Amino acid sequence: MARWCYRHRLVVLLLWVGAFLGLGFAGSAAGTNYADTFSLPNTDSTRAYDLMAKAFPERSGDTDTVVWKVDEGTARDASVRSRIEPALEKIGRMEGVGEVSSPYTAQGAAQFSGNGRIAYAQITFTEQANGVPKALVEDVVETAQDAGRDGLQVELGGQAITRTQEPPTGIAEMVGIVAAAVVLFLAFGSLFAMLLPLVVAIAALGTGLMATSLLSHVTDVPEVAPLLGSLIGLGVGIDYALFIVTRHRRGILRGMKPEEAAITALNTSGRAVLFAGGTVCIALAGMLVMNMRFLDGVVVATSLTVVLSVLAAVTLLPALLGLLGMRVLSRRQRHRLAAAGPESQEASGLAARWSMYVQRRPRSIAAGALVVMLILALPVLSIRLGATDQGNHQDSTTTRQAYDLLAEGFGPGFNGPLQVVVDGGDTDGLVAAIRGTEGVAQVAAAPPAEGITVIQVVPTTSPQSQKTDQLIDRLRDDVIPASGTEAHVGGVTAVFKDFAAVTGDRLPYFVAAIISLGFLLLMVAFRSLVVPLTAALMNLIAAAASFGVLVAIFQWGWGTELLGIGKEGPITAFLPVIMLSLLFGLSMDYQVFLVSRMHEEWVHTKDNARAVRVGLAETSRVINCAALIMICVFSAFVLSGDMEGAMAGIGLAAAVALDAFILRTALVPAAMHLLGNSNWWLPAGLEKRLPHLAVEPREEEVSEVHARVPDADSGSTVIHGFVRTPDGAPVEGAALTLLSKGGRQLDRVTSLADGSYIVSVPSAGSYLLAVTAAEHPSRARHVMVGAEPLVYDVELAEDELDAVN
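The rules we used
Residues numbered from 1 in each chain as written. Predicted model: local features only at pLDDT ≥ 70, side-chain atom pairs only at ≥ 80, totals over all residues. Heavy atoms only, no water. Helix = DSSP H or I, 4+ residues; strand = E, 2+ residues; numbered from the N terminus. Contact = heavy atoms within 4.5 Å. Areas by Shrake-Rupley, 256 points an atom, 1.4 Å probe, with all protein chains shown as cover. Lys, Arg positive; Asp, Glu negative; His and termini not counted. Charge placed at Lys NZ, Arg CZ, Asp CG, Glu CD. Patch = residues over 30% accessible without salt bridge, like charges linked within 9 Å, V, L, I, M, F, W, Y side chains within 5 Å. Salt bridge = Lys/Arg side-chain N within 4 Å of Asp/Glu carboxyl O. Buried < 20%, exposed > 50% of the residue type's maximum accessible area, 1.4 Å probe, protein only. Axes fitted to C-alpha atoms, helices over the stretch in contact; angles between N-to-C directions. Parallel < 35°, antiparallel > 145°, perpendicular 65-115°, else oblique. Left-handed = near helix turned anticlockwise from the far one by under 90°. Nonpolar A, V, L, I, M, F, W, Y, C, P; charged D, E, K, R; others polar. Expected span 1.5 Å × (residues − 1). Pairing = 2+ DSSP bridges.

Participant: Can you break down the overall build of the protein residue by residue, with the values?
Facilitator: Along the protein, the regular secondary structure elements total 24 helices and 19 strands. With respect to the three principal axes, the spread of C-alpha positions in the protein is 110 × 50 × 45 Å. A fraction of 76% describes how many contacts in the protein between residues 6 or more apart in sequence connect residues 24 or more apart. Total accessible area on the protein stands at roughly 33,400 Å², and carbon and sulfur atoms take up 58% of it. Charged side chains of the protein number 58 positive and 76 negative; the gap between the two group centres comes to 7 Å.

Pasting the structure below:
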């Protein structure tokens, strides 16, 4: 497929452009129909909501609040009324506004605070918040705030009002893309190479979001789903393309033609991308274990963007590589390749030195990394799930100021009233019992409809207070059963409390499901029990540490002012499920890319220390670069204007940073050095029964390290000889790498003190032998190997690599 896409690049590009434009046109014509409801079967708050929807179907529109405060006098004064009342009447005449309940009517006495200085009016729109035109909301805000003056503060709150404070759509994505572009340019040094991952990611993300908007008309897709789809799609889209482009460029630098380099890159890194994308989708599908319909739409949106990111990486990317040809390298790299010939495959630089350091000191590095992760995980012990509301908005927003004014005038519980929904029975007795309950500030029963009565209960504490949760439990467990009346406690506060309870109960099953699936996939891919077990433990450590960071920032308030994300509060109830799915999927990506290279080396050499050292040296740079891109993309979602988006962005950015820079770069390789050959242990009986799933293309295995002369009937042989300088002096420590015609490493050794070396060859044929030595330029030559061992002496000179024999 890679070869077809490369050669038929114009067809592939036209297909992608057609899909992008077609979905864009269809999405614009159909619009969106995102749901903003929670469905928690068999919970008390859901039963309350169902009864209210049955009895009061006309209360379907969003209700927002205008609140005002006077510095002197009262809100009843004629000077205040003459400014506020005309504004409310004007708002009531706007198309799309159903009703305005003013405190200046006979029924509005309760809408003044105890001291009379604060009052509020309620605006009921004809549509839910996401269906109210933004222009209408802006007109309402402007009209209400125009009534303010010195000494008269007017603020507005509610879900529809919040939409006027959202930053322009796509600003978070644009900031993330710009930051990723900077990292890619620094990594590649080439404008065209930098653009490739961005174009692939944008194509996948655009088609994914437009397809999600169309799906919202046929299934329930929550409003937060596109944001999370953007977050994960942009991250994995850039990363997947980055891995393939890096492998492609490496192949060209080592002497391959652009087409063969692209095919090899897709056949190696492309396979890993397919496997990694599958693991991400499996981790996301683990949310279905929670049996929450609200999350089903999140699974659809996020999985769709991941699938399209993989599809773009394995089809659109090779087509773009075909268009660019050699221009995927920088001009300096092309000149150097033409002048000096192919580069050696020997890893060098900081990554190689760090890999050697980890091999020499695995115990101290493992202990240090583990201590850091455990310290960061400590705050997770105090995590509290709940709901964020407008009290968590920034101080400067009108919604936050309206929230604070209502709390000041009517008590902290006024912003999160409870609805006790009664289906027949003794309402008066229940009202009296609730009024006498500890933690209740106000109680009021609305006139019944179809035998259903709604009792409004205002707690003495804020919606996010643990005492409010205790009040809900007290009403459900003691007050309502004692009254003998069938009633259910609902309202937004009760819904999120139930959500947190259900999440806490089902989370262990969810974690067990995604860890088990990940364990099985890695066991089949790497033929090992220890490698997937290590990955599972590392994923749990990464999750705990990232949630510790999340609690410290959003629940404890450390750095919230610096980040500009508003006031601290509980962690959103559904966030752990979504974050764990994304985190386990992304962690599996890095594990696959790291261990697949280690496994490749292990299969060939059976030397665990060498496999771990080579795997870390050759993959750590690209993993760290990919992680840095994801951190930039995720952190940019602080600018999304959505608290849940900011939480997910910061949490995932922290998780990726800890996973890539501490776990995969330090703790995992150190642990694998300590475990030795047991890393690759798999019982013989299990080995026979497991299916074969190749992350990398299957290669011939060599059973011994630096095999001398294999059995005559094995088809294998060796190349051996000496590495010398032009004056005959032996070169010790020269690195000799044997590559297949496709550019795959088959063996790598270093010359001994007398300059001798032995390289294992799987079978007769044509190969590339690359040599690198200190103070000598890297060189490579093609060699033909027959059935017998080949004697091949190498002379290192300043201008060439000569074969003496």
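Resuming the write-up.
Participant: Break down a negative patch on the surface for me, citing the residues and quoting the values.
Facilitator: Together, E138, D139, E142 and D146 line one region of the surface with negative charge. With respect to the helices and strands, D146 occurs in helix α5 (residues 134-146). Classification of D146 as exposed rests on a relative accessible area of 54%.

Participant: Tell me about the packing of helix α2 (residues 9-30) against helix α11 (residues 293-324), and name the residues and values.
Facilitator: Interaxial distance between α2 and α11 falls to 8 Å at its minimum, and their mutual angle equals 140°. The pairing of α2 with α11 is recorded here as oblique in orientation. In this structure, α2 crosses over α11, and the sense of that crossing is left-handed. In this structure, α2 contributes R9, L10, V12, L13 and W16 to the contact, and α11 contributes L308, L311, A312, T315, L316, A319, L320, G322 and L323. For the contact of α2 with α11, the class distribution of residues is 11 nonpolar, two polar and one charged.

Participant: Could you give an account of helix α21 (residues 575-605), naming the residues involved and the relevant values?
Facilitator: With 31 residues, α21 should reach 45 Å at 1.5 Å per residue; the first-to-last C-alpha distance of 44 Å fits that figure. In terms of burial, α21 is largely enclosed, as 31 of its 31 residues are buried. Of the residues one or two after α21, K606 is the one with positive phi, at around 60°.

Participant: A description of the environment of L796 should follow, citing residues and the corresponding values.
Facilitator: Looking at the element boundaries, L796 is found in strand β18 (residues 794-796). Counting along the chain gives 75 residues from L796 to G721, while the straight-line C-alpha distance between them is 13 Å.

Participant: Residues and numbers for unusual backbone geometry, please.
Facilitator: Phi is positive for R527, which is not a glycine, with a value near 50°. Relative accessible area serves as the criterion here: at 12%, R527 is assigned to the buried category.

Participant: Please set out the pairing of strand β4 (residues 152-157) residue by residue, giving values where relevant.
Facilitator: Of all the six residues making up β4, five are buried; the element is thus mostly covered by neighbouring parts of the structure. Relative to β4, strand β1 (residues 63-70) runs antiparallel, the two sharing six bridges. Within β4, the residue paired with V67 across the bridge is E155.

Participant: Describe the sheet that holds strand β9 (residues 487-490), with residues and values.
Facilitator: With antiparallel pairing, the four strands of this open sheet are ordered in space as β7-β8-β6-β9. The open sheet has two edge strands with one neighbour each: β7 (440-445) and β9. Along the sheet, successive strands turn relative to each other by an average axial angle of 20°, direction set aside. Note that strand β6 (residues 418-423) and strand β8 (residues 452-459) share six bridges and pair antiparallel. Directly across from D423, in β8, lies its bridge partner I452. Packing of helix α16 (residues 427-435) onto the sheet brings it into contact with β6, β7, β8 and β9, and relative to β8 it is tilted by some 10°.

Geometric descriptors of this kind do not, in isolation, establish any biological role.
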